[in-house]
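Read off the chains here:
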There are 2 protein chains.
Amino acid sequence: MSANKLTAAEFHILLALADEDRHGLGIVDEVECRTDGEVLLGPGILYGSLKRMVEEGLVEEATERPDPEHDDPRRRYYHVTDRGSEALRAEASKWARVVEVALEKDILDKRAAT
Amino acid sequence: MSANKLTAAEFHILLALADEDRHGLGIVDEVECRTDGEVLLGPGILYGSLKRMVEEGLVEEATERPDPEHDDPRRRYYHVTDRGSEALRAEASKWARVVEVALEKDILDKRAAT
DNA sequence: TCACATATATCACGTTCTGATATATCAGAT
DNA sequence: ATCTGATATATCAGAACGTGATATATGTGA
């Protein structure tokens, strides 16, 4: 839609990786759980987005593996880069603004989402 | 229920129409102004989305014209339907939840745009 | 009536999304 | 050991969506 914008899938992936490195299906689980099953990432959009995001420097494959004791060598863990972190912050800020407008226009009430 | 997922463009259009009926370029202006020029709807996505949204019953062409004194007959004004209103509320609610998560993960500070 | 801005519309092309399919490995049961 | 089902990554074709150029027509003011 406009310059420097993340797709919804890229945004959800970055948000999933914000607090810890995760592997592909770990990202899917975090997003599904966090959105109560409303955002479901299929394999196409997941691995396609991750590939693109590595190329764009938003994420990188993690060098260290969390919990090497109980590891699964098939997994590829991803880590947010500084650039990805900044893109996430900018995008989250845009959506925060949108939610504010929704409140101003009485589309949402102020009650906490639960 | 409504597996009715909105695109980002549809969401911005519904949000623009939430407080008053607007015509095509009026929607573009509202979105551009509200997002500080970060979301720019070109003619393709604008009229394409509106056409689709009428077909899906999210909006309808307005019967009455605001300010008939200084009117421009080329304009086509749009009005949000009940269904569109509900879809907007649901989508805004999802993004509100996402923004909350962003706050929890320390991606945003609490003092937002204003 | 001329020039420019406004307004809607469509098109070709590129990007992104969806769901099916493929391949391989792991973990536990037989 | 090997069978089975779950886990994990990957790719692909077709659909859906977004982009920017182009087209057509009309309003507005000089």
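All values derive from a computational prediction rather than experimental measurement. (Residues numbered from 1 in each chain as written. Chains lettered and ligands numbered in written order. Predicted model: local features only at pLDDT ≥ 70, side-chain atom pairs only at ≥ 80, totals over all residues. Heavy atoms only, no water.)

Chemist: Just give me the short version of the packing of helix H1 (residues 8-17) of chain B against helix H3 (residues 43-55) of chain B, but keep the residues and values in it.
Modeler: Residue and element names in this part refer to chain B. Following both chains from N to C, one finds H1 and H3 inclined at 80 degrees, their axes separated by 10 Å at the closest point. With respect to each other, H1 and H3 are oriented roughly perpendicular. Across the interface between the two elements, Ala9, Glu10, Ile13 and Leu14 of H1 pack against Ile45, Leu46, Ser49, Leu50, Arg52 and Met53 of H3. Among the residues forming the contact of H1 with H3, the class breakdown is seven nonpolar, one polar and two charged. (Axes fitted to C-alpha atoms, helices over the stretch in contact; angles between N-to-C directions. Helix = DSSP H or I, 4+ residues; strand = E, 2+ residues; numbered from the N terminus. Parallel < 35°, antiparallel > 145°, perpendicular 65-115°, else oblique. Contact = heavy atoms within 4.5 Å. Nonpolar A, V, L, I, M, F, W, Y, C, P; charged D, E, K, R; others polar.)

Chemist: Account for the relation of the copies chain B and chain A, with residues named and values stated.
Modeler: It takes a turn of 180 degrees to lay chain B on chain A, together with a shift of 0.0 Å along the axis; the resulting RMSD is 0.2 Å. Considering both components of the superposition, the chain copies are consistent with a two-fold axis. Comparing interface residues between copies, 83% of those in chain B also lie at the interface in chain A; the contact surface is shared. (Least-squares fit on C-alpha atoms with pLDDT ≥ 70 in both.)

Chemist: How would you sum up the protein's contact with DNA strand C? Please name residues and give values.
Modeler: In the vicinity of DNA strand C there are 20 residues, among which Arg74 of chain A together with Lys5, Arg74, Arg75 and Arg76 of chain B approach most closely. Of all DNA strand C atoms lying within 4 Å of any protein atom, the proportion belonging to sugar or phosphate reaches 68%. Note that a phosphate oxygen of DNA strand C is positioned 3.5 Å from one of the side-chain N or O atoms of Arg52 of chain A. One of the side-chain N or O atoms of Arg74 of chain A is found 2.3 Å from a base oxygen in DNA strand C. Among the elements of the structure, helix H3 (43-55) of chain A together with helix H2 (24-34) and H3 of chain B are those that each provide at least two residues to the surface near DNA strand C. In terms of residues, the surface near DNA strand C owes the most to one element, H3 of chain A, which gives four residues. Here the surface near DNA strand C is built from residues that sort into seven nonpolar, five polar and eight charged. (Near = heavy atom within 4 Å. Polar contact = N/O pair within 3.5 Å; in protein donor to acceptor, adjacent residues only side chain to side chain.)

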